[in-house]
Amino acid sequence: MRSLRLAALAAALALLAGCAAPTAAPAAAQQRYEATFLTLFDTVTTILGYADSEDAFRQQAQAIHDELEVYHQLFDIYSDYEGVVNLKAVNDRAGVAPVQVSEPILDLLDFCLEAYERTGGRVNVAMGSVLSLWHDAREAALADPAAAALPDPAALAEAMEHTDLSRLVIDREASTVYLADPAMSLDVGAVAKGWAVEQVCRQAPAGLLVSVGGNVRATGPKPDGSDWVAGIENPDGGAFLATVAVRDGSVVTSGDYQRYFTVDGVRYHHILDPDTGAPARYWRSVTVLCPDSGLADALSTALFTLPLDEGQALLDGLDAEALWVDSDGGRFESPGFADSIQN
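So, a few notes on the structure that sits alongside this text.

Here is what the cut-offs are and how they apply
- Residues numbered from 1 in each chain as written.
- Predicted model: local features only at pLDDT ≥ 70, side-chain atom pairs only at ≥ 80, totals over all residues.
- Heavy atoms only, no water.
- Helix = DSSP H or I, 4+ residues; strand = E, 2+ residues; numbered from the N terminus.
- Buried < 20%, exposed > 50% of the residue type's maximum accessible area, 1.4 Å probe, protein only.
- Contact = heavy atoms within 4.5 Å.
- Areas by Shrake-Rupley, 256 points an atom, 1.4 Å probe, with all protein chains shown as cover.
- Lys, Arg positive; Asp, Glu negative; His and termini not counted.
- Charge placed at Lys NZ, Arg CZ, Asp CG, Glu CD.
- Core = buried A, V, L, I, M, F, W, Y, C linked by side-chain atoms within 4.5 Å.
- Phe/Tyr/Trp six-rings, centres within 6.5 Å; stacked < 30°, edge-to-face > 60°.

Quick word on the overall build of the protein
When helices and strands are tallied, the protein shows nine helices and 15 strands. Across the 343 residues in the protein, those meeting the buried criterion constitute 51%. Of the contacts formed within the protein by residues at least 6 apart in sequence, a portion of 61% connects residues at least 24 apart. Within the structure as shown, the protein displays about 15,100 Å² of accessible surface, and the carbon and sulfur contribution to it stands at 51%. Charge centroids of the protein, computed over 21 positive and 49 negative side chains, lie 4 Å from each other.

See below:
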């Protein structure tokens, strides 16, 4: 069901992005094309753009897919891939020995450390052991809703004792990563998708719109010089909350409606408060506009776990804007968010 819903969202984004009014007709030789992939980061990837021919566009889209697939495999904590040393290997060797990894993993983890500092610890990739308990509970609930249950409180309390990011040891010279706590594990889900999209889009041809789940990144305006337009989903469904212009930057949304399960009528989503180890309860969704997709991904998670005043204080001084939606459907915008809204 979730895959079908995500596919529908991707289709809606594609339709909306293609319907923005141009300022002038695109170059006569170029047509608009779209490609969709279902195998990256457990979500739907949609790539929109203009090209001289469908074959030329397909080659561009496939190249972007292939680059994203490299990151997908490197950052996976659940699966092994032949010839790939990924974060699963790092977790598997926690407390045993350092693992030699490739540069993208080192770069991502450096970014994760930076995100931890910039968000005051709200984005902590060392919470893998806690997130794993919620992940297992969600998978069991989806398989058998009648037997849905919360993770064991004692197990959660124990896992929370093993989330100290200072136990992550990165040796750049040796290209190794080591988890000094044998009970700690990494989960980079809050940042990896956005970070990977940013790396790929920086090298991609100009004038594309790349959507990977809730992460949208434009690599420049359309050929006619107009902006792309992305819709911000309403957590309760129906019409978009807003449509925003995207030219050379990103739109990233975190929400409680994306991955969740229900126990006794209460929804438990996947975005955890690092203080409690339980799903954060401040917001239904948070959308961040930011030039950098990696930073936008981290910020959308961090803001989701903070009250409005603390979230705005975090945004102050950063090149980013945000839209918050609470449980009553109330909307709150940072001062500059309205500048990007399309009428």
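Back to the write-up after that little detour.
Considering the nonpolar core
If you look at the biggest cluster of nonpolar residues, it comprises 68 residues, and the most contacted ones within it are L68, F75, L87, L109, V188, V191 and V288. Residues within four places of V188 in sequence aside, it is in contact with F75, L87, L108, L109, C112 and V125. Listed in part, the 17 residues of the second largest apolar core include I232, L241, A242 and V251.

What to know about the packing of aromatic side chains
For the structure shown, the criterion picks out 10 aromatic pairs. With centroids separated by 5.8 Å and ring planes inclined at 65 degrees, the aromatic side chains of W283 and F332 adopt a geometry described as edge-to-face. One end of the pair, W283, is in the loop between β12 (266–269) and β13 (285–290); the other, F332, is in strand β15 (residues 331–333), with 49 residues separating them in the sequence. Given a relative accessible area of 9%, W283 falls into the buried group. Following the ring pairs from residue to residue traces out a cluster consisting of Y71, F75 and W195.

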